[in-house]
Amino acid sequence: RLRKWQERIRTKDAGERNLQFALSEIDRMASALGVPRSVREVASVIYRRALNEDLIRGRSIEGVATSALYAACRQEGIPRSLDEVAEVSRVPQKEIGRTYRYISQELGLELKPVDPKQFVPRFASALGLSEEVQAKATEIIDVSAEQGLLSGKSPTGFAAAAIYAASLLCNEKKTQREVADVAQVTEVTIRNRYQEQIEAMGFR
Amino acid sequence: MSAPADSIEIQNVVASTGIGQELDLEALADDLPGADFNPDNFPGLVYRTQDPKAAALIFRSGKIVCTGAKSIDDVHEALGIIFDKLRGLSIPVDENPEITVQNIVSSADLGHNLNLNALAIGLGLEDVEYEPEQFPGLVYRMDEPEVVILLFGSGKIVITGGKRTDDAETAVEEIVKRIDNLGLLD
DNA sequence: AGCTTACTTTGCAAAGC
DNA sequence: GCTTTAAAAAGTAAGCT
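So, here's what we can say about the structure.

Rules used throughout
- The written sequence of each chain sets the order in which its residues are numbered from 1.
- Starting at A for chains and at 1 for ligands, labels are handed out in the order in which the entities are written.
- Local features in this predicted model are restricted to residues of pLDDT 70 or higher, and side-chain atom pairs are both shown and tallied only at a pLDDT of 80 or more, whereas totals for entire chains, interfaces and linings draw on every residue.
- Excluded from the side-chain calculation are hydrogens and water; included are all heavy atoms of the structure.
- Labels follow the DSSP assignment, with helices taken as runs of H or I lasting at least four residues and strands as runs of E lasting at least two, numbered in each case from the N terminus.
- The contact criterion used throughout is that any non-hydrogen atoms of two residues lie within 4.5 Å.
- Areas reported as accessible are Shrake-Rupley estimates using a 1.4 Å probe. Residue values count occlusion only from the protein chains shown.
- Under this rule, positive means Lys or Arg and negative means Asp or Glu; His and the chain ends count for nothing.
- Note that the charge is assigned to NZ on lysines, CZ on arginines, CG on aspartates and CD on glutamates.
- Computation of the radius of gyration draws on C-alpha atoms alone. For the globule rule, the value is 2.2 Å times the number of residues to the power 0.38.
- Only protein chains enter the area calculation, which uses a 1.4 Å probe; residues under 20% of their type maximum are buried, those over 50% are exposed, and those in between are partly exposed.
- Put simply, buried area is how much 1.4 Å-probe accessible surface two parts lose in total, over both of them, once they are put together.
- Note on definitions: salt bridges are taken to be side-chain nitrogens of Lys or Arg within 4 Å of carboxyl oxygens of Asp or Glu.
- The definition of a polar contact used here is a pair of N or O atoms within 3.5 Å, where within protein one atom must be able to donate a hydrogen and the other to accept one, and adjacent residues in sequence count solely through side-chain atom pairs.
- Under the convention adopted here, Pro, Cys and the residues Ala, Val, Leu, Ile, Met, Phe, Trp and Tyr are nonpolar, Asp, Glu, Lys and Arg are charged, and Gly plus all remaining residues are polar.
- For the purposes of this section, nonpolar cores are sets of buried Ala, Val, Leu, Ile, Met, Phe, Trp, Tyr and Cys residues that join through side-chain atoms within 4.5 Å.
- Here a residue counts as near a molecule or strand whenever at least one of its heavy atoms sits within 4 Å of it.

## Comments concerning the overall build of chain A
Line of reasoning, step 1. Counting secondary structure elements, chain A contains ten helices and zero strands.
Line of reasoning, step 2. When the helices and strands of chain A are read in sequence order from the N terminus, they spell out α-α-α-α-α-α-α-α-α-α.
Line of reasoning, step 3. Along the first, second and third principal axes, the C-alpha atoms of chain A reach 80 × 30 × 25 Å.
Line of reasoning, step 4. When contacts within chain A are restricted to residue pairs at least 6 apart in sequence, those whose partners lie at least 24 apart make up 72%.
Line of reasoning, step 5. As displayed, chain A has an accessible area near 10500 Å², and 46% of this comes from carbon and sulfur atoms.
Line of reasoning, step 6. Taking the average place of the 31 positive charges on the side chains of chain A and the average place of its 28 negative ones, the gap between the two points comes to 8 Å.

## Considering the overall build of chain B
Line of reasoning, step 1. A count of helical and extended segments in chain B gives four helices and ten strands.
Line of reasoning, step 2. Going from N to C terminus, chain B has its helices and strands arranged as β-α-β-β-β-β-α-β-α-β-β-β-β-α.
Line of reasoning, step 3. Its C-alpha radius of gyration of 20 Å places chain B more than 25% over the 16 Å reference for a compact globule of 186 residues.
Line of reasoning, step 4. Taken along the three principal axes of its C-alpha coordinates, chain B extends 60 × 35 × 25 Å.
Line of reasoning, step 5. Across the 186 residues of chain B, 42% fall into the buried class.

## Section: the interface of chain A and chain B
Line of reasoning, step 1. Taken together, the 19 residues of chain A in the interface contact 16 residues of chain B.
Line of reasoning, step 2. Of the roughly 1500 Å² buried between chain A and chain B, counting both surfaces, carbon and sulfur atoms make up 50%.
Line of reasoning, step 3. Considering only the side of chain A, the residues that lose the most area to chain B are Arg 101, Pro 113 and Ser 151 of chain A, jointly responsible for 34% of the buried surface there.
Line of reasoning, step 4. Summed over the shared surface of chain A and chain B, the result is one salt bridge.
Line of reasoning, step 5. Among the salt bridges present, the one from Arg 74 of chain A reaches Glu 131 of chain B, with a minimum N-O distance of 2.6 Å.
Line of reasoning, step 6. At the junction of chain A and chain B, the tally comes to seven residue pairs in polar contact (both at pLDDT 80 or more).
Line of reasoning, step 7. Listed by contribution, the elements that provide at least two residues to the side of chain A that touches chain B are α3 (61–75), α4 (82–88) and α5 (93–106) of chain A.
Line of reasoning, step 8. Of the residues contributing to the side of chain A that touches chain B, the split by class is seven nonpolar, six polar and six charged.

## Regarding the environment of Arg 141 of chain B
Residues and elements named next belong to chain B.
Line of reasoning, step 1. Following the sequence through the fold, Arg 141 ends up in strand β8 (residues 138–142).
Line of reasoning, step 2. Sequence separation of Arg 141 and Asp 127 is 14 residues, and the distance between their C-alpha atoms is 5.8 Å.
Line of reasoning, step 3. In this view, Arg 141 contacts Asp 127, Glu 129, Val 147 and Val 148; residues no more than four positions away in its chain are not counted.

## Here we look at the environment of Ile 103 of chain A
Residue and element names in this part refer to chain A.
Line of reasoning, step 1. Structurally, Ile 103 is set in helix α5.
Line of reasoning, step 2. For Ile 103, a relative accessible area of 0% translates into the label buried.
Line of reasoning, step 3. Between the alpha carbons of Ile 103 and Val 179 there is a distance of 32 Å; along the sequence they are 76 residues apart.
Line of reasoning, step 4. In contact with Ile 103, other than residues within four places in its own chain, are Ile 46, Leu 55, Ser 67, Ala 68, Gly 108 and Leu 109.

## Re the nonpolar core
When a protein is soluble and globular, its nonpolar side chains tend to lie buried together.
All names here are of chain A.
Line of reasoning, step 1. Counting 35 residues, the largest nonpolar core has Val 35, Ile 46, Tyr 47 and Leu 69 as its most contacted members.
Line of reasoning, step 2. For this core, the elements supplying multiple residues, two or more each, are α1 (2–33), α2 (37–52), α3, α4 and α5.
Line of reasoning, step 3. In this view, Ile 46 contacts Ala 68, Ala 71, Ala 72, Gln 75, Ile 103 and Leu 107; residues no more than four positions away in its chain are not counted.
Line of reasoning, step 4. Formed by 32 residues, the second largest nonpolar core is a distinct cluster that contains Phe 123, Val 133, Ala 137 and Ile 140.

## With respect to the protein's contact with DNA strand C
Line of reasoning, step 1. Neighbouring residues of DNA strand C: 23 residues in total, closest Arg 60, Ser 61, Val 105, Phe 135 and Arg 141 of chain B.
Line of reasoning, step 2. Taking Lys 94 of chain A, its side chain carries an N or O atom lying 2.9 Å from a phosphate oxygen of DNA strand C.
Line of reasoning, step 3. Between a phosphate oxygen of DNA strand C and a side-chain N or O atom of Ser 61 of chain B, the distance comes to 2.7 Å.
Line of reasoning, step 4. Elements with a contribution of two residues or more to the surface near DNA strand C: α5 of chain A together with β1 (9–18), β5 (63–69), β6 (100–109), β9 (147–151) and β10 (156–162) of chain B.
Line of reasoning, step 5. The element best represented in the surface near DNA strand C is β6 of chain B, accounting for three residues.

Here it is in structure tokens:
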């Protein structure tokens, strides 16, 4: 009886320690990513929900914590790419993606596909581009998405190409390499998306 | 005039069977030219047939998994070749081992481009997985028939998880109906 | 700038770690 | 959960010329 009691305390303490660890990891990663406090709070709520629904079983605490943060960024409209999240996590990108899909499904988060436009302000300011370029990039994304060019394309690559095109159109040219570096995509991807978008805009 | 269902092509059939006889895979690996056996890697011995092209995983228990065949007939043909090869090695093989189809992978073309973003919302986010950062296809789990459909922006699709030949046909007709009802079939 | 190769996703069985 | 097999879809990536 006494042993059972001690075991309960031990598991309760362990569980408490695990939760504290997860929350501090979310905090650490959120700081490294530079996301606002509100997003960390949303991530904490998602993590606690996953914990209450026993979704951690068979998965790493860090993996679930990272996925919760990735989901929270999306839910709050300031997405980070899986690449970016993986850079501040000790969990491989592949596992983050897989765990995100799992908790997203189990918790019924029903997050809409990431909108490329949501990357524009962050990428553009990292490149030192003006509001005018951002507005142009947003317009390019809207027009080309309406013409069906977005289906199946990576949101970061789509945003990167639009920013590259907008920088040319507004005489604030950035090289494909510079844009590729902040968006973490290859120049080849920017080139491919750029060609399609320019055509969709009626330029050439 | 060409209905999407007419574009269905079976790409891969997975089936399992058993010869009702335990096997010494080490010996079999020596006696079967072209056999790959790496027990440290995987417990099954891999044997490939040329015509029809297929790959078989042969296990110590005598159970066999056949993959890569383009039709159910090809599965039977390929396994027949393997059964005869084993008999040729004086290994007793059941007269007519039961062959069970476990999965059929098919491809098809809906003939229209698809707006996957709109489709993800229209088909219901709870039944859909669409993460273009990770994979360009939209994953849709259908209940009847119970199959998984991968939909691409080009209108090309993949149907998998079905065990019967007509599952793909039923699934294609159903998905076309659902997409059309959403007004997303241009 | 291409071209080639390779990896991402789905489904399934097998035996064993 | 992983390991291996097969095949399609289309996007992305890396290596080589």
